[in-house]
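# Examination of the molecular architecture
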Amino acid sequence: MNNKKGFTTTTLHSDRLLQPEFGALHQPIHTAVTWGYEDVNGLIDVFQNKTKGYAYSRQGNPTVTALEHKITQMEEGRATVAFSTGMAAITATILSLLKKDDHIIASSYLFGNSRSIMQTFIEIGIEISFVDATNIENIKNAYKPNTRMVFVETIANPATQVAHLDKIGDYCSDQKLIYVVDNTMTSPYLFKAINVKASLVINSLTKYIGGHGNALGGSVTDTGLYDWDNFPNITSVLRDQIAPALLGITQIRKRGLRDGGATLSPEAAHSISVGAETLALRLERICSNALILARFLDEHTLVKKVNYPGLVSHPQHKIASDLFHGYGGLMSFELSDKIDCVTFLNRLKVVIKSSNLGDTRTLAIPVAKTIFHELGAERRKEMGIEDSLIRLSIGIEDIQDLLEDFTQALSF
Ligand SMILES: *Cc1c(COP(=O)(O)O)cnc(C)c1O
């Protein structure tokens, strides 16, 4: 099969084309922790990166490899490393590539735990500037001679700001900065970060790619666009053994995965891989449900504000329309001051009160009291997060049932 096939066709056939045993259509779940070799030279060659093969499951497993291959195809990238969670992928990527006194320019609207791990990196000597990444000028103004990386998300959680993704890509490419795009909220179905010149693409596989709220996972994909040969932090051992194009992803696999140890289990890799087969179908339905609900809430007299990039009133509606194939399933809204958000949430019957994103089921959470609680009132105010803000992750239910649920819950 050639590369010209569509997104879903390619995903469906990806395992089979790796030729698993007996013509299996799914890569089997390989539970072995280690692999044995008749001739020890085979094992030596694997250790010395001379042949592909498996030695120990922390750094490579055939079930996980098949998923990595699938994600590489979905992102149209060059190579992928999977991790036990999205946070593990982010942590491993930054710790494998950067050193003390290197500087990162990061979006100030990062996912809560990403923002918080950045604080840990600051404490161990990495410099980080947080900027409003919806405007390229803020990125340019934060540049310093020791800047190595720009780190942004596509659609920010919970307030849905969209980063100036294409302009940032042009700038990073001119300045030779590693451009990391966390594509979790859009997924490779709605957005190909390679098209805006991303160097590395992060996905929390827990969210849309796995899609069913039954497995944790994360990944980083090298798009092949960054010139690792000229990147100073590549270890000399790797330079002697690895093709220049694969230096970055190999350093992430060795330092981040093998040494860091946050390995994706083969069972989770299998669940995520099966979930990925329906990514496009789920997202078509999710985006359609989300747009209908966003418009419904936007017109409701008891709703003060709706954040959804699909609404014409959204500040980055144009760039979202230009870059994304749909506006995603993340939305947030503020209720009128007359209504207590806890009372409202407890009235919802179909929508589940839960903290995940990207599930098949619609989930709702009061942001200030939960996921952004630790930040404190002052930081929440800076980030524009009101106490009444509710985050929704739209699912694939029948739209009529969702509309009825919101209608009854808003009948005060
Ligand atoms: C959930 C999420 C993560 C972290 O992923 P986990 O799999 O939960 O560790 C990272 N980035 C974004 C944008 C997310 O939504």
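Named according to an unreviewed UniProt entry, the protein chain is Cystathionine gamma-synthase family protein originating from Flavobacterium shii. What UniProt states about the protein chain under its Cofactor (unreviewed entry) heading is, verbatim, "pyridoxal 5'-phosphate". A UniProt comment under Sequence similarities (unreviewed entry) is attached to the protein chain, and it reads "Belongs to the trans-sulfuration enzymes family."

On a plain count of helices and strands, the protein chain comes out with 16 helices and 12 strands. Taken over C-alpha atoms, the radius of gyration comes to 22 Å for the protein chain, in line with the 22 Å a tight globule of 412 residues would show. Principal-axis analysis of the C-alpha atoms places the extent of the protein chain at approximately 75 × 55 × 35 Å. Here the protein chain holds 412 residues, and 54% of them are scored as buried.

What follows concerns the pairing of strand β11 (residues 363-366). Side-chain alternation along β11 places L363 and I365 on one buried face and A364 and P366 on a second face that is also buried. In this structure, strand β10 (residues 352-353) lies alongside β11, joined through 2 bridges in parallel fashion. Residue I352 lies in a different strand from β11, and its bridge partner there is L363. Pairing geometry for β11 and strand β12 (residues 389-393), over 4 bridges, is antiparallel.

Lining the immediate environment of the ligand, one finds 14 residues, of which G86, D182, S204, T206 and K207 sit closest. A distance of 2.6 Å separates an oxygen atom of the ligand from a polar side-chain atom of T206. Interatomic distance of 2.8 Å between a side-chain N/O atom of K207 and an oxygen atom of the ligand. Out of a free accessible area of 370 Å², the ligand has 93% covered by protein chains. The residue makeup of the shell around the ligand, split by class, is 5 nonpolar, 6 polar and 3 charged.

Our next topic: helix α7 (residues 165-175). Listed in full, the buried residues belonging to α7 are L165, I168, G169, Y171 and C172. Down the axis of α7, the buried set is contained in an arc of 170°. They therefore lie on one face. One or two steps after α7, the chain reaches K176, where phi turns positive at roughly 60°.

Axis separation between helix α12 (residues 279-299) and helix α16 (residues 399-409) bottoms out at 10 Å; the angle between their running directions is 25°. Considering their axes alone, α12 and α16 lie roughly parallel with respect to each other. Note on packing geometry: the crossing formed by α12 with α16 is right-handed. Side by side, α12 and α16 meet where N289, I292, L293, F296 and L297 of the first sit next to I399, L402, L403, F406 and T407 of the second.

A word on unusual backbone geometry. With the exception of glycine, most residues fall at negative phi, and the peptide bonds are largely trans. Residue P158 is reached from N157 by a cis peptide bond, and omega for that bond is 10°. Even without being glycine, K197 reaches a positive phi, approximately 70°. Residue placement: K197 occurs in the loop between α8 (187-190) and β6 (200-204).

On to the packing of aromatic side chains. Applying the stated criterion across every chain, the model contains 11 aromatic pairs. Summarising the aromatic geometry, the rings of F191 and F324 are spaced 5.2 Å apart at their centres and angled 75° between planes, so their arrangement reads as edge-to-face. On the criterion of sequence distance, the pair formed by F191 in the loop between α8 and β6 and F324 in the loop between α13 (317-323) and β9 (330-335) is long-range, its members being 133 residues apart. You can call F191 buried: its relative accessible area is 3%. Judged by relative accessible area, F324 falls into the buried class, the value being 5%. Site record: aromatic cluster; members linked through ring pairs are Y226, W228 and F231. The aromatic ring of F412 is capped on one face by R347, whose charged end is 3.9 Å from the ring centroid.

This paragraph deals with the confidence of the model for the protein chain. Confidence in the prediction of the protein chain, expressed as mean pLDDT, is 96, and 99% of residues score 70 or more. Across the protein chain, the element-wise mean pLDDT spans from 87 in helix α15 (residues 376-382) up to 99 in strand β7 (residues 218-222).

Burial analysis of β9 places 6 of its 6 residues in the buried class, the great majority of the element. Residues L330, S332 and E334 line one face of β9 and the alternating positions M331, F333 and L335 line the opposite face, and both faces are buried. Pairing analysis gives 4 bridges linking strand β8 (residues 303-307) to β9, with the strands arranged antiparallel. Across the sheet, V306 pairs through a bridge with F333, a residue of β9. Here β9 runs beside β12; their pairing, made up of 5 bridges, is antiparallel. Counted as the bridge partner of S332 is R391 from β12.

Let us now look at the environment of L67. With respect to the helices, strands and loops of the structure, L67 is situated in helix α3 (residues 62-75). Judged by its relative accessible area of 0%, L67 is buried. Taking the C-alpha atoms as reference, L67 lies 23 Å from K50; in sequence the two are 17 residues apart. For L67, the residues in contact, after removing those within four places along its chain, are L205, L264, A269, I272 and S273.

The rules behind these values
Residues numbered from 1 in each chain as written. Predicted model: local features only at pLDDT ≥ 70, side-chain atom pairs only at ≥ 80, totals over all residues. Heavy atoms only, no water. UniProt positions renumbered as here; feature names shortened; annotations may be inferred. Helix = DSSP H or I, 4+ residues; strand = E, 2+ residues; numbered from the N terminus. Rg over C-alpha atoms; globule rule 2.2 N^0.38 Å. Buried < 20%, exposed > 50% of the residue type's maximum accessible area, 1.4 Å probe, protein only. Pairing = 2+ DSSP bridges. Near = heavy atom within 4 Å. Polar contact = N/O pair within 3.5 Å; in protein donor to acceptor, adjacent residues only side chain to side chain. Areas by Shrake-Rupley, 256 points an atom, 1.4 Å probe, with all protein chains shown as cover. Nonpolar A, V, L, I, M, F, W, Y, C, P; charged D, E, K, R; others polar. Arc of directions from axis to C-beta. Axes fitted to C-alpha atoms, helices over the stretch in contact; angles between N-to-C directions. Parallel < 35°, antiparallel > 145°, perpendicular 65-115°, else oblique. Left-handed = near helix turned anticlockwise from the far one by under 90°. Contact = heavy atoms within 4.5 Å. Phe/Tyr/Trp six-rings, centres within 6.5 Å; stacked < 30°, edge-to-face > 60°. Lys NZ or Arg CZ within 6 Å of the ring centre and 35° of its normal. pLDDT = per-residue confidence, 0-100.

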